[in-house]
Amino acid sequence: LHDYLERHGSADPSHLVIAAAGPVRDGQVAFTNSTWVLDEPALQHAFYGATARVINDFEAIAEALPALGPEHLRQIGDAGLPVASGTFFTVALLGPGTGLGAGGLLRRGEATLPLPSEAGHTDFAATDAEQRALLEHIAAAGGQVSGDRLLSGPGLELLHATRRTLAGDGGARLSAAGIFEQSAAGDATCRDTLSLYARLLGQVGGDLVLTLAAWQGLFLAGGVLQRHPDALDVAAFRAGFEAKGPHAALMAKVPVALVTHPWPGLLGGAVIRAGDEVIDGSIRGRLDR
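Model, not experiment: these values are computed from the prediction.

Our focus in this paragraph is the nonpolar core. Leu94, Leu151, Val209, Leu218, Leu220, Phe237 and Phe241 are the most contacted members of the largest nonpolar core, which has 41 residues in total. If you tally residues by element for this core, the top one is helix α8 (residues 188-212), at ten residues. Sequence-distant contacts of Val209, that is, excluding residues within four places in its chain, are made with Ala92, Ala214, Trp215, Leu218, Phe241, Met251 and Val254.

Another aspect to go through is unusual backbone geometry. Even without being a glycine, Asp26 presents a positive backbone phi close to 55 degrees. Position of Asp26 relative to the elements: it lies in the loop between β2 (24-25) and β3 (28-30). Here the phi dihedral of Tyr48 falls at roughly 60 degrees; this positive angle occurs in a residue that is not glycine.

This part takes up the sheet that holds strand β9 (residues 111-117). If you trace the six strands from one edge of the open sheet to the other, you get β6-β11-β10-β7-β8-β9, paired in mixed fashion. If you trace the sheet from one side to the other, it starts and ends with β6 (73-75) and β9, each paired once. Shown here is a sheet whose adjacent strand axes are inclined to one another by a mean of 25 degrees, direction ignored. Its contacts with the sheet place helix α3 (residues 57-64) against β7 (88-96), β8 (100-108) and β9, and it is angled at close to 135 degrees to β7. Contacts from α8 reach β7, β8, β9 and β10 (218-220), with the element oriented near 150 degrees to β7.

Inspection of the sheet shows β8 paired to β9 by seven bridges, in the antiparallel sense. Across the sheet, the residue bridging to Arg107 is Thr112, located in β9. In this antiparallel pair of consecutive strands, β8 and β9, the connection spans two residues, and Gly109 shows a positive phi of 70 degrees.

A few words on the sheet that holds β3. Taken together, the three strands give an open sheet; going across it, the order is β2-β3-β4, and neighbouring strands pair in antiparallel fashion. Two strands bound the open sheet, and with one partner strand each, they are β2 and β4 (37-39). Of the pairings in the sheet, the one linking β2 to β3 comprises two bridges and is antiparallel in character. By the bridge assignment for β3, Val24 is matched with Val29.

About the thresholds
Residues numbered from 1 in each chain as written. Predicted model: local features only at pLDDT ≥ 70, side-chain atom pairs only at ≥ 80, totals over all residues. Heavy atoms only, no water. Core = buried A, V, L, I, M, F, W, Y, C linked by side-chain atoms within 4.5 Å. Buried < 20%, exposed > 50% of the residue type's maximum accessible area, 1.4 Å probe, protein only. Helix = DSSP H or I, 4+ residues; strand = E, 2+ residues; numbered from the N terminus. Contact = heavy atoms within 4.5 Å. Pairing = 2+ DSSP bridges. Axes fitted to C-alpha atoms, helices over the stretch in contact; angles between N-to-C directions.

Structure below.
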């Protein structure tokens, strides 16, 4: 942080809001997919007594949701856009990247509450024979089979490699970028993997909506979808999202949108620091510029 500020000619801040990928306990976070540990007292010491707040990365994105305009959302399906405004709403948030982030946001009258979550690390539930075969093969290699393990960027690579192994294809393992590239070039196996990926993401997103009763909608974020928004198989996603037994008709009415704002976590940090000032567009305008 000091190096960044020095290179940009910026003064040391008097206030810091740091969003990190991992569960935050007592002002400290151990990154889930890294060896880094951050805590508020160390940050305060490093910045000469500045106030410091460490939060979960998807808590920061959740805080940004009411400040996003329709220009920063891409509708997924026919149910409209999620609603994160007014005096009463509950929305869910899910995002594949290095891991699978999750969270939510609710408002009750004057109180808006972000809901930090580690729902990406809950056990994955297979719903058909193909998914059960994938689950069994991956589980045999050891470790928990969670949404994070299957639906992160590395999870996409694992999913594709496992499908190829079960089909008897022993070719070289593809990177996530390679899967997207070859699918766009017409490779049917990569295209089918991305369709399955979308359906599984829909299943997990639907589970999160049901868990939170987030009837006002689900927001999708994360680096995987932001870098490849056109590769999301919307029909497959909605099929997985809506296939919830007696609540299928209800889920069909739940809106879903992809967050296309380039820095939603930064925007959320500004919301946390500045409160309602961001809603009138003053901070959002500066961040956009």
